[in-house]
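# Structural overview
Here is what each chain is made of, one letter per residue.
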There are 2 protein chains.
Amino acid sequence: MVGTLYGLGIGPGDPDLITLKALKILQAAPVIAYPAPENQDSLARSIVAGHLLGEQKEIVIETPMVPGRYPANDVYDKYSAEIAKELDAGRDVAVLCEGDPFFFGSFMYIYGRLVNEYKTVVVPGVSSAMASCCQIGMPITSRYDVLTVLPAPIPSEELLSRLQVCDAAIVMKVGRHFTKVRDVLGALGLIENAYYIEHATMENQVMMPLSEATFDKAPYFSMIIVHKRAEAWK
Amino acid sequence: MVGTLYGLGIGPGDPDLITLKALKILQAAPVIAYPAPENQDSLARSIVAGHLLGEQKEIVIETPMVPGRYPANDVYDKYSAEIAKELDAGRDVAVLCEGDPFFFGSFMYIYGRLVNEYKTVVVPGVSSAMASCCQIGMPITSRYDVLTVLPAPIPSEELLSRLQVCDAAIVMKVGRHFTKVRDVLGALGLIENAYYIEHATMENQVMMPLSEATFDKAPYFSMIIVHKRAEAWK
């Protein structure tokens, strides 16, 4: 019997924001795998640490983090092969993904390499984008609102043109692009409609109206959320 | 002591896709409330039915469903007042929301009426949009992808212009707008990149490539998902 590959969305950070489905698979799988920056702890593992029963093999998917560059394909080739070996030996492997596996999750690179060969189940999770809106208290889409999700690293002209044609936007991965995003929102007169949040639902969560965010850089796990019609949902 | 108002994301339909956090609040709250169309069963209640312990007061938020029209404000005025009475009597009230409370969820109308008066906690949930991508097996955003969420009822010219400027799109509430959305995707040459799904993660889930969806109308809880670069995530 060949094992099953699971992609588990484990939610945005609060350990209680994992789903029952992901929790059951997490605790039953003989092997778990999770990403970690080279020589650093894994955020994904830390989120589920309190749920682990302690008898599983763990595969650390070590990914070099270079700002502005994505890990080379050979990283995912290597770890996909390692996971495939477990599956071939009949062991299920659960790959942990912060948030949702298919929403900017690195699991998709493992998935792309193994889905045609192995039985694969992807368990959706609460994304940090949705969680951030709830933490801030900003309903993000009502009725016929158009929502756009923008990665902050795209050029400022592109951010601007795309922000012009939506009702609401979630700007992800703000990090070192913070001032660029704030400037674009300023040019559009949207500062008063925007909120900043970092580490949503984690113990070190910080959030504030963008008008009060006077710093110049932000951590990688930060977001800016904007709705053009303030309190459109009332 | 005044009670706390909870907005609980209960996930897209599979009862196991509720979070631990929502489950704990659901089972502890003395009062739950949930939307239901007039004289019909509540989908939200049916999703959590197996988790209920059976000793809670239940408030049915009866909402007349007229295609193309939203319930009049007085519906939410009435039920907000009813919920406020429970809160004033010191009882917590958990309002159930399919998917995520702030992502096209009707909870936001209750929220808008009560948030300034009562302690309110909003618990994010797995949205049907994210769950649909996982069910189909289509990673929706990787690297610097721009994702747009479009409600199908908007005019076809607007659907077209917004689909032109994104990498991936999730078209929600397809229902009776199915042929319009399919025609727009056809005009953009995107039929082969699109998937159709209804009742994602529920027992009656149906999904298929859009090219095989030869019918002319779809249920309200249906979606079309498209990514312009097929297998961009490989």
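Since we're looking at a predicted model, the values are computed, not measured. (Residues numbered from 1 in each chain as written. Chains lettered and ligands numbered in written order. Predicted model: local features only at pLDDT ≥ 70, side-chain atom pairs only at ≥ 80, totals over all residues. Heavy atoms only, no water.)

The next subject is the packing of aromatic side chains. In total, this model carries 18 aromatic pairs over all chains according to the counting rule given. Taken together through their ring pairs, the aromatic side chains of Phe102, Phe107 and Tyr111 of chain A make up a single cluster. (Phe/Tyr/Trp six-rings, centres within 6.5 Å; stacked < 30°, edge-to-face > 60°.)

Take the relation of the copies chain A and chain B next. Mapping chain A onto chain B calls for a screw motion: a turn of 180 degrees about the axis and a shift of 0.0 Å along it, with 0.0 Å RMSD after fitting. On the angle and the small slide along the axis, the relation comes out as a two-fold axis. Comparing contact sets, 100% of the residues at the interface of chain A also lie at the interface in chain B, consistent with an isologous, same-surface contact. (Least-squares fit on C-alpha atoms with pLDDT ≥ 70 in both. Contact = heavy atoms within 4.5 Å.)

A word on the domain arrangement of chain A. Residues and elements named next belong to chain A. Examined at the domain level, chain A breaks down into domain 1 (5-123) and domain 2 (128-227). A C-alpha centroid distance of 27 Å is found between domain 1 and domain 2. Counting from both sides, the interface comprises eleven residues of domain 1 and, opposite them, twelve residues of domain 2. Both faces combined, the contact of domain 1 with domain 2 buries some 970 Å², and carbon together with sulfur accounts for 72% of it. In this assembly, domain 1 and domain 2 are joined by one residue pair in polar contact (both at pLDDT 80 or more). Here the side of domain 1 that touches domain 2 is built from residues that sort into seven nonpolar, two polar and two charged. (Domains from an automatic or database assignment. Buried area = accessible area lost by both parts, 1.4 Å probe. Polar contact = N/O pair within 3.5 Å; in protein donor to acceptor, adjacent residues only side chain to side chain. Nonpolar A, V, L, I, M, F, W, Y, C, P; charged D, E, K, R; others polar.)

Taken as a whole and judged by the stated rule, the model has 18 salt bridges over all chains. Here Lys21 of chain B ties to Asp14 of chain A by a salt bridge, and the two come within 3.3 Å at their closest N and O atoms. Of this pair, Lys21 of chain B sits in helix 1 (residues 20-28) while Asp14 of chain A sits in the loop between strand 1 (5-9) and helix 1 (20-28), placing the two residues on different chains. Here Lys21 of chain B falls in the partly exposed class, since its relative accessible area comes to 26%. Overall, Asp14 of chain A belongs to the buried group, its relative accessible area being 16%. Several salt bridges share partner residues, and in doing so they unite Lys57, Glu86 and Arg91 of chain A into one network. (Salt bridge = Lys/Arg side-chain N within 4 Å of Asp/Glu carboxyl O. Helix = DSSP H or I, 4+ residues; strand = E, 2+ residues; numbered from the N terminus. Buried < 20%, exposed > 50% of the residue type's maximum accessible area, 1.4 Å probe, protein only.)

Attention shifts here to the interface of chain A and chain B. Listed per partner, the contact involves 57 residues of chain A and 58 residues of chain B. Between chain A and chain B lies a buried interface of about 5,100 Å² when both sides are counted; carbon and sulfur atoms form 65% of it. Of all residues in chain A, Leu20, Arg143 and Tyr144 of chain A give up the largest surface area on contact with chain B, accounting jointly for 14% of the area buried on that side. If you look at where chain A meets chain B, you find four salt bridges. Seen at the junction of chain A and chain B, the total is 25 residue pairs in polar contact (both at pLDDT 80 or more). Contributing elements (two or more residues each) for the side of chain A that touches chain B: helix 1, helix 4 (107-114), strand 5 (120-123), helix 5 (128-136), strand 6 (147-151) and helix 6 (156-164) of chain A. With five residues, the single largest contributor to the side of chain A that touches chain B is strand 6 of chain A. Bridging between strand 6 of chain A and strand 6 (residues 147-151) of chain B involves three bridges; their strand directions are antiparallel. Bridge pairing in strand 6 of chain B links Val149 of chain A to Leu147 of chain B. (Pairing = 2+ DSSP bridges.)

A few words on the sheet that holds strand 1 of chain A. All names here are of chain A. Read across the sheet, five strands follow the order 3-2-4-1-5 without closing on themselves; strand pairing throughout is parallel. A strand with exactly one partner marks an edge of an open sheet, and here the two such strands are strand 3 (57-63) and strand 5. Shown here is a sheet whose adjacent strand axes are inclined to one another by a mean of 20 degrees, direction ignored. Across four bridges, strand 1 lies against strand 5 in parallel orientation. Looking at strand 5, one finds that Gly7 is bridged to Val122. Sitting on the sheet, helix 3 (residues 73-88) is in contact with strand 1, strand 2 (31-37), strand 3 and strand 4 (93-97), with an inclination near 170 degrees to strand 3. (Axes fitted to C-alpha atoms, helices over the stretch in contact; angles between N-to-C directions.)

With respect to the helices and strands, His51 of chain B occurs in the loop between helix 2 (43-48) and strand 3 (57-63). Once the C-alpha coordinates of His51 of chain B and Lys24 of chain B are considered, the two residues, 27 residues apart in sequence, prove to be 9.8 Å apart. Excluding its chain neighbours within four sequence positions, the residues that come into contact with His51 of chain B are Leu20 of chain A together with Pro15, Ile18, Leu23, Leu26 and Gln27 of chain B. A polar side-chain atom of His51 of chain B sits 3.0 Å from the main-chain carbonyl oxygen of Pro15 of chain B.

Read from one edge to the other, the open sheet built from ten strands follows the order 9(A)-8(A)-10(A)-7(A)-6(A)-6(B)-7(B)-10(B)-8(B)-9(B), with strand pairing classed as mixed. Looking at strand neighbours, the two that pair on one side only are strand 9 (206-209) of chain A together with strand 9 (206-209) of chain B, the edges of this open sheet. Strand-to-strand twist across the sheet, computed as the mean angle between neighbouring axes with direction ignored, equals 15 degrees. The sheet contact formed by strand 8 (residues 194-198) of chain A and strand 9 of chain A spans four bridges and is antiparallel. Directly across from Tyr196 of chain A, in strand 9 of chain A, lies its bridge partner Met208 of chain A. Across the sheet, helix 6 of chain A touches strand 6, strand 7 (168-172) and strand 10 (222-227) of chain A, and the angle it forms with strand 6 of chain A is around 170 degrees. Its contacts with the sheet put helix 7 (residues 178-187) of chain B on strand 7 (168-172), strand 8 (194-198) and strand 10 (222-227) of chain B, and the angle it makes with strand 10 of chain B is roughly 5 degrees.

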